[in-house]
Amino acid sequence: MNFNTDNCANCPAHNLSNLKKLGIDMSSYDYVVALAGNPNTGKSTVFNYLTGLKQHTGNWPGKTVTRAEGGFEYNGKKFKLVDLPGTYSLLSTSVDEEVARDFILFGQPDVTVIVIDATRVERNLNLVLQILEITDRVVICLNLMDEARRNAIEVDARTLSKELGVPVVPAAARQGEGMNELLKYIYDVATGAYICKPYRIKSKSKEMNEAIDKLSKAIQAEFPDLPNTRWVALRLLEGDQTIIDAIRNGELGNLQQQKILQLEESN
Amino acid sequence: MNKNLDRREAIIAEANKLRWELGENLHDILMENIYENATEIAKKAVKYPDKKLAFSFDRQLDKILTSKYLGFPIMFLMLGIVFWLTIQGANYPSSLLSELLVDKFHPLLKDFAVSINLPWWLTGVLVDGAYLAMAWVVSVMLPPMAIFFPLYTLLEDFGYLPRVAFNMDPLYKKVGAHGRQALTMAMGFGCNAAGVIATRVIDSPRERLIAIITNNFSLCNGRWPTQILIATVFIGSAVPAYLAGLVSAAAVVFIAILGIAFSLLVSWFLSRTMLKGEASAFSLELPPYRPPRILQTLYTSLIDRTIFVLWRAIVFAVPAGMLIWLVANLNIDGVSLANHFIRIVNPVAFIFGLNGVIFLAYIIAIPANEIVIPTILMLTVANLGIQGVGAGSGVLFELESANDVAAILQAGGWNLLTGINLMLFSLLHNPCSTTIFTIYKETKSLKWTLVSTFLPIVMGLTVTFFVTQIWRLLVN
């Protein structure tokens, strides 16, 4: 007889006892987790729940303009959690949105948790699709399910997960609902137990798709270590001067390292 | 190496060529694609209720709270209720605390210092300076904060603040400022430094500067208790007792509205002169109403705000208390430094309907608005002490009445006009040093930091000057 003793640890019912809220203790973490999402979807609430911190949350968009950091331990692994300012898009230029974009782009978190509003799925997906272009290690926290129920909106998390190719966890962070499952998926994606197959933006324009493919292949050949060539290709197509300069002087490979340093300094 | 360079240039050239082929509106196409993809996915995964019964409660409530005619009256009413509850509730615990900390514990501490033969000057600095300032901060500031902050946080948690911003938005647009300034202004009601940081949500530098400069006109954490206390002591006592709470609350609401009016006025002035330009468009999202979590709100607003602000006040009060004791006890020609200053400044302050004590207190309290009232109280007592009224320099005399504050200030020659002018000056004066530093960090400009610092002082002196002159014309 072969008893699988891991079953207990894997059962979501037991997971809460595996969570250790570490507050601001972020020493020697194993993984970095970023919290992204539209404004006022409950990122800070999720952040507070997981870290045990009491960052002020408020019911209005734009509560967090700088990033907050905290830590938690789960299944014996230490995680550093970074709460990013809420953004609608990664393609615009205001300071608060830059903080979020730069961190996901250059900070290279091991997992990016995107908190989305279950009552406004369609609009929230715009950001999700953009983030999925940059990183494929994503867990989606389908938050505010309580409000969706109150408004009789039905969101099928399974279909959503199948479409997007990443885990989708229904949750109501204010009540702590769904937090166990969220932790489990963060852990699985971080350790590589769950491999995401993220949805890529499909363009009806054939020329556009071909252009992106062509460019990203060329970039891949020149900078083989770059993880998000499709995104760089897109920015290049849009004529982003910083990206053009970075390719010209070959700093695209180093840009990452520099940006991380800058991010560290600015905080 | 050259090969590398060639290859990179080839990539850029390729991108340029492709961009040319794809046409100018590439960004729009891309955004359109994203929207289309999102719609498609959402269609598969989300089912909306047949009838639009959803949101109906929120919509109905929004219709009332943001209505053209009812929006503002409801806003003022809500503010009024919050202040009224604060004023009514803070009175008793405040006098209880001051009796305990100031009237009972302070003499005990002093006896103890004497019994262990502490040098008189050390007793002065520690017990009469540091401890007493701290005791005043706790007894004067704690009760209003412990009531005001949870109430304010409940409104915030419920989702009312964005509606306030929504109501204010057209006004800000009219004066050439960004509509989101209404949001940063609302944040300034908590803390101006936080409000200044929050202006990062405004992407036009011109409008962001306007929002930064005018944020100081939102009464902050440190100034609410000053307003509430002075309104209670001077304005509440000027009307029949049964109206006192109501009228004092109305007075504080009036000052808050005056602050909003000034922020609009200064925004208008700046966008016509130094910071010319048109207001840019933006979208403001009204979040859904959420049932406030009472217990959690109580907890976080106690820990986050009350304890945080109180701690900040205490940290600044301790050195300020020492400083106050020193300026009140270091003598030149037999007169204390504080008294020299007060005597020199008094004639000037008289023009503005204020007094030397208030000016000195505002200089000592630059690090934190929270300690203005305690500083004024200690300086007044010190000043009176020299004139032979109190027990000694910088030491608070014991008062049998629970209304210590009123008694001290009236003994210091204050009247209704002084009270009104202090409320005005508390609204219109330089930001605290933390906010000034934050403004410098955010603007990276000495010029705008100086403008944000001195503009409110000039305005404060102008307003108090006219109020005083008109008052004296009418009353005499």
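Remarks on the overall build of chain A
Step number 1: When its secondary structure is counted, chain A shows twelve helices and eight strands.
Step number 2: Looking at chain A alone, contacts between residues at least 24 apart form 68% of all its contacts between residues at least 6 apart.
Step number 3: For chain A, the exposed area adds up to about 11,100 Å²; of that, 48% sits on carbon and sulfur atoms.

A short note on a nonpolar patch on the surface
All names here are of chain B.
Step number 1: A cluster of nonpolar side chains, namely L77, I81, W84, L85 and L246, defines an oily patch on the protein surface of about 470 Å² accessible area.
Step number 2: Among the elements that make up the nonpolar patch, the one with the highest residue count is helix α4 (residues 71–115) (four residues).
Step number 3: Mapped onto the secondary structure, I81 falls in helix α4.

Side note on the side chain of R120(A)
All names here are of chain A.
Step number 1: Note on placement: R120 falls in the loop between β5 (111–117) and α5 (121–134).
Step number 2: What makes R120 buried here is its relative accessible area of 19%.
Step number 3: A distance of 3.1 Å separates polar atoms of two side chains, one belonging to R120 and the other to T119.

Points about helix α11 (residues 241–248) of chain A
Residue and element names in this part refer to chain A.
Step number 1: Taken residue by residue, α11 has I243, I244, A246 and I247 as its buried positions. Buried residues of α11, seen end-on, are gathered within an arc of 165 degrees and therefore sit on one face of the element.
Step number 2: Following α11 by one or two positions, G250 adopts a phi angle in the positive range, close to 70 degrees.

Topic: the interface of chain B and chain A
Step number 1: Each partner contributes residues to the interface: chain B has 64 residues there, and chain A has 67 residues.
Step number 2: Between chain B and chain A, roughly 6,200 Å² of surface is buried when both sides are summed, and carbon and sulfur atoms account for 60% of that area.
Step number 3: Applying the counting rule to chain B against chain A returns six salt bridges.
Step number 4: E222(A) is the partner of R7(B) in a salt bridge, and the nearest nitrogen-oxygen pair spans 2.7 Å.
Step number 5: The interface formed by chain B and chain A holds twelve residue pairs in polar contact (both at pLDDT 80 or more) in total.
Step number 6: Looking at the side of chain B that touches chain A residue by residue, the classes come out as 37 nonpolar, eight polar and 19 charged.
Step number 7: Where strand β7 (residues 154–155) of chain A lies against strand β1 (residues 46–47) of chain B, two bridges are found, and the strand directions are antiparallel.

Some words on the confidence of the model for chain B
Step number 1: Within chain B, residue pLDDT values average 83, and 91% of them lie at 70 or more.
Step number 2: Our summary of model confidence lists the complex with pTM equal to 0.68 and ipTM equal to 0.80.

Quick word on the nonpolar core
Step number 1: Counting 106 residues, the largest nonpolar core has F83(B), W136(B), I376(B) and L379(B) as its most contacted members.
Step number 2: In terms of residues, this core owes the most to one element, helix α5 (residues 120–158) of chain B, which gives 14 residues.
Step number 3: Excluding anything up to four places from it in sequence, L379(B) contacts I324(B), V327(B), A338(B), V357(B), L360(B), A361(B) and I364(B).
Step number 4: Of all hydrophobic cores here, the second largest spans 97 residues; its members include F103(A), V168(A), L236(A) and L26(B).

Brief notes about the side chain of E147(A)
Step number 1: Structurally, E147(A) is set in helix α6 (residues 145–150).
Step number 2: The class of E147(A) is buried, set by a relative accessible area of 5%.
Step number 3: With near-sequence residues (within four places) excluded, E147(A) lies in contact with T119(A), P288(B) and R290(B).

Points about the environment of A113(B)
Residue and element names in this part refer to chain B.
Step number 1: Within the secondary structure, A113 is located in helix α4.
Step number 2: By relative accessible area, which is 3% here, A113 ends up buried.
Step number 3: Along the sequence, A113 and L126 sit 13 residues apart, while their C-alpha atoms lie 9.5 Å from each other.
Step number 4: Setting aside anything within four residues of it in sequence, one finds A113 in contact with L118, T123 and V127.

Concerning helix α8 (residues 179–191) of chain A
What sets the pattern is the α-helix's 3.6 residues per turn: residues three or four places apart point alike.
Residue and element names in this part refer to chain A.
Step number 1: The end-to-end C-alpha separation of α8 is 18 Å, in line with the 18 Å expected for 13 residues at 1.5 Å each.
Step number 2: Those residues of α8 that sit buried are M179, N180, L182, L183, I186, Y187, D188, V189 and A190.
Step number 3: G192 occupies a position one or two residues after α8 and carries a positive phi of about 90 degrees.

Here's the deal with the packing of aromatic side chains
Step number 1: Applying the stated rule across the entire model yields 14 aromatic pairs over all chains.
Step number 2: Between F72(A) and F79(A), the aromatic rings sit 5.0 Å apart at their centres with planes inclined by 10 degrees, giving stacked as the arrangement.
Step number 3: The exposure class of F79(A) is buried, given its relative accessible area of 2%.
Step number 4: Ring centres of F359(B) and F425(B) lie 6.1 Å apart, and the angle between their planes is 35 degrees; on these two criteria the pair is classed as tilted.

Quick look at the confidence of the model for chain A
Step number 1: Looking at chain A, the pLDDT average stands at 80 and 78% of residues meet or exceed 70.
Step number 2: Residue range residues 1–5 of chain A is modelled with pLDDT below 50. Its contacts to residues more than four positions away, or to other chains, number zero contacts.

Digging into a negative patch on the surface
Step number 1: On the surface, E207(A), E210(A), D213(A) and E21(B) cluster together to form a negatively charged patch.
Step number 2: With three residues, the top contributor of residues to the negative patch is helix α9 (residues 206–222) of chain A.
Step number 3: Along the chain, D213(A) turns up in helix α9.

Some details on the pairing of strand β2 (residues 31–37) of chain A
All names here are of chain A.
Step number 1: Taking burial as the measure, the seven residues of β2 include seven buried ones, the bulk of the element.
Step number 2: Residues Y31, V33, L35 and G37 of β2 are buried on one face, and the alternating residues V32, A34 and A36, pointing to the opposite face, are buried as well.
Step number 3: The sheet contact formed by β2 and strand β4 (residues 77–83) spans five bridges and is parallel. Paired with Y31 across the strands is F79, a residue of β4.
Step number 4: Taken together, the five bridges between β2 and β5 define a ladder with parallel strand orientation. Residue pairing in the sheet places V33 in a bridge with V111 of β5.

Here we look at the state of the cysteines
All names here are of chain B.
Step number 1: Counted under the stated rule, the structure contains zero disulfides over all chains.
Step number 2: C432 provides the cysteine sulfur closest to C220, a residue in no disulfide bond, and the two sulfurs are 6.4 Å apart.
Step number 3: For C220, a relative accessible area of 9% translates into the label buried.

As for the pattern of salt bridges
Step number 1: Applying the stated criterion across every chain yields a total of 19 salt bridges over all chains.
Step number 2: Taking the shortest distance from any N to any O, the salt bridge between E14(B) and K214(A) comes out at 3.4 Å. Placement of the pair is E14(B) in helix α1 (residues 2–22) and K214(A) in helix α9, with the two residues belonging to separate chains.
Step number 3: Where E99(B) meets K104(B), a salt bridge forms, and the shortest distance between an N and an O atom there is 3.4 Å.
Step number 4: You can call K104(B) partly exposed: its relative accessible area is 49%.
Step number 5: When salt bridges with common partners are traced through the structure, they connect E222(A), R7(B) and R8(B) into a single cluster.

Each value, and the rule that gives it
Residues numbered from 1 in each chain as written. Chains lettered and ligands numbered in written order. Predicted model: local features only at pLDDT ≥ 70, side-chain atom pairs only at ≥ 80, totals over all residues. Heavy atoms only, no water. Helix = DSSP H or I, 4+ residues; strand = E, 2+ residues; numbered from the N terminus. Contact = heavy atoms within 4.5 Å. Areas by Shrake-Rupley, 256 points an atom, 1.4 Å probe, with all protein chains shown as cover. Patch = residues over 30% accessible without salt bridge, like charges linked within 9 Å, V, L, I, M, F, W, Y side chains within 5 Å. Salt bridge = Lys/Arg side-chain N within 4 Å of Asp/Glu carboxyl O. Buried < 20%, exposed > 50% of the residue type's maximum accessible area, 1.4 Å probe, protein only. Polar contact = N/O pair within 3.5 Å; in protein donor to acceptor, adjacent residues only side chain to side chain. Arc of directions from axis to C-beta. Buried area = accessible area lost by both parts, 1.4 Å probe. Nonpolar A, V, L, I, M, F, W, Y, C, P; charged D, E, K, R; others polar. Pairing = 2+ DSSP bridges. pLDDT = per-residue confidence, 0-100. Core = buried A, V, L, I, M, F, W, Y, C linked by side-chain atoms within 4.5 Å. Expected span 1.5 Å × (residues − 1). Phe/Tyr/Trp six-rings, centres within 6.5 Å; stacked < 30°, edge-to-face > 60°. Lys, Arg positive; Asp, Glu negative; His and termini not counted. Charge placed at Lys NZ, Arg CZ, Asp CG, Glu CD. Disulfide = S-S within 2.5 Å.

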